[in-house]
Structures are given as C-alpha cells and as structure tokens.
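Coordinates in review
Spelled out, the chains give:
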Amino acid sequence: MKNVLIALSLSCLTASAAASSSDLLDNYGKLAQLTTQQINTASYQEVGVASSKLVDIAKQFLPAFSLKNPVCKEYVDAVMKAADTMQKISLEEIEADYHHDGKLPKVADGSCYHAKDLLVHPATVVVMANKLKDTKANRESMAAELYEVIAHLGAVKQAVK
C-alpha cells in the first residue's frame, strides 16, 4: 500500500505540465519529500521512477530559472542537455562530470549550482537504483542525495521569485 503512494503522487504531479515555475517547484518539493519518506519501503524501481520524475520536473522549471538568472543560462542549458544521458552513466562519471562539473562550463554565481543540483542529485538516484544492489547502505546514500535536493530547493525558489 505504501508503495502505491509514490505511484499515485506521480500521477497527480504529472498533471501539472502547464503549471507555473512556482507550482512546479512546489510539486518538485512534495515529490522529493515523499520519495525521501518512502525510501525504505518503496521498491528500488519505484524510487528510480520517482527520481526520474524529479529530473523531468527540473527540466520544466530550469528554463524559467535561467531567464531570471541569465548568468546561469549556459551552465543550466548544459545540465539540461545532459539530463537524459546522466541517468544512464556510471556513478563515477556522474560524480566527476556533473557533481564536480567536469563536463560543465565554468560559472561564478553560486545560485547556478543550486539549480544544477536539483537535476543532478535525482539523476544520481536513478543511476543508483539502476546499477546498485538493494542494500540498507545504498538506500541511505539515495536518501542523502534526496536530502541534498531538498536543501537546494529553497535557494532556487528564492532565485526565481
């Protein structure tokens, strides 16, 4: 029953395709919180699907972030362009190329990093769900990635106001 909660929430949240940036960020936060709460009860596949949906929602609101923060446009565009690919690479690659910006342009504004992390951290959870064994330690690592997302969300909300 608890696992059904993520599936139902995903269907409700996907209904917001035409929503404003603020609504998208709110839905993103709700799904991130829900996924974090369900990290130990949902299947690996369900955690991966929910995290992939977080990536999709991020791709919807990041263009609005770039409009309000033009200094971040090139950086955010590079992250969005790589969003689908980064969900399929190894953990080592996603860490070096996107967490540590190995394949991203240089940027000086810290708000750009917050925006990037709303896409990179859930993409990392997708990779973990697809490539790692289902263990308590791996689920704790997934939860840590999602906690990071929640921590960065407030900064991004402020930047798009």
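Just so we're clear, the structure is a prediction, and the values are computed from it rather than from any experiment. (Residues numbered from 1 in each chain as written. Predicted model: local features only at pLDDT ≥ 70, side-chain atom pairs only at ≥ 80, totals over all residues. Heavy atoms only, no water.)

Digging into the environment of glycine 29
Among the secondary structure elements, glycine 29 is positioned in helix H2 (residues 21–37). For glycine 29, a relative accessible area of 10% translates into the label buried. Note: C-alpha distance between glycine 29 and glycine 154 (125 residues apart in sequence) is 9.3 Å. (Helix = DSSP H or I, 4+ residues; strand = E, 2+ residues; numbered from the N terminus. Buried < 20%, exposed > 50% of the residue type's maximum accessible area, 1.4 Å probe, protein only.)

Observations regarding the pattern of salt bridges
Opposite charge on two side chains lets them pair, provided their charged atoms get close. Counted by the stated rule, this structure contains 7 salt bridges. For lysine 73, the salt bridge identified is with aspartate 77, shortest N-O distance 2.7 Å. With a gap of 4 residues between them, lysine 73 and aspartate 77 both fall in helix H4 (residues 73–86), about one helical turn apart. Given a relative accessible area of 30%, aspartate 77 falls into the partly exposed group. With its nearest N and O atoms 2.8 Å apart, the salt bridge here joins aspartate 101 to lysine 116. With aspartate 101 in the loop between helix H5 (91–99) and helix H6 (110–131) and lysine 116 in helix H6, the pair connects residues that are 15 residues apart, well separated along the chain. With relative accessibility at 13%, the residue aspartate 101 sits in the buried group. Judged by relative accessible area, lysine 116 falls into the buried class, the value being 3%. Salt bridges here are not isolated pairs; linked through shared partners, they connect Asp101, Lys116 and Asp117. (Salt bridge = Lys/Arg side-chain N within 4 Å of Asp/Glu carboxyl O.)

Structural notes on the state of the cysteines
Note on terminology: a disulfide is the covalent bond linking the sulfur atoms of two cysteines. This structure, assessed with the given rule, holds 1 disulfide. The disulfide partner of cysteine 72 is cysteine 112, and the S-S distance across this bridge is 1.9 Å. Every disulfide takes its handedness from the sign of the S-S torsion; for cysteine 72 and cysteine 112 that torsion is -85 degrees, giving left-handed. Of this pair, cysteine 72 sits in the loop between helix H3 (44–68) and H4 while cysteine 112 sits in helix H6, and the two are 40 residues apart along the sequence. Of the two residues, cysteine 72 and cysteine 112, both sit in the buried class. (Disulfide = S-S within 2.5 Å.)

Things to note about H2
The end-to-end C-alpha distance of H2, which contains 17 residues, comes to 24 Å, matching closely the 24 Å that a straight helix rising 1.5 Å per residue would cover. Here H2 has its buried residues at Leu24, Leu25, Asn27, Tyr28, Gly29, Leu31, Ala32, Leu34, Thr35 and Thr36. (Expected span 1.5 Å × (residues − 1).)

Here we look at the confidence of the model for the protein chain
Detailed reading of predicted coordinates is not advised where the pLDDT is low. Scored by pLDDT, the protein chain comes out at a mean of 88, with 88% of its residues at no less than 70. Mean pLDDT across the secondary structure elements of the protein chain bottoms out at helix H1 (residues 2–14), with 48, and peaks at H5, with 97. The model gives residues 10–18 a pLDDT under 50, and that stretch makes 11 contacts with residues more than four places away or in other chains. (pLDDT = per-residue confidence, 0-100. Contact = heavy atoms within 4.5 Å.)

Section: the packing of aromatic side chains
Within this structure, the stated rule accounts for 2 aromatic pairs. Note on tyrosine 28 and phenylalanine 61: the rings are 5.5 Å apart at their centroids and 85 degrees apart in plane angle, and the pair reads as edge-to-face. Of this pair, tyrosine 28 sits in helix H2 while phenylalanine 61 sits in helix H3, placing them 33 residues apart in sequence. For tyrosine 28, a relative accessible area of 0% puts it in the buried group. The exposure class assigned to phenylalanine 61 is buried, which follows from its relative accessible area of 1%. Seen from their ring centres, tyrosine 75 and tyrosine 113 are 5.6 Å apart, and the 75 degrees between their planes marks the pair as edge-to-face. Pair noted here: tyrosine 75 is in helix H4 and tyrosine 113 is in helix H6, with a separation of 38 residues, a long-range link. For tyrosine 75, a relative accessible area of 1% translates into the label buried. (Phe/Tyr/Trp six-rings, centres within 6.5 Å; stacked < 30°, edge-to-face > 60°.)

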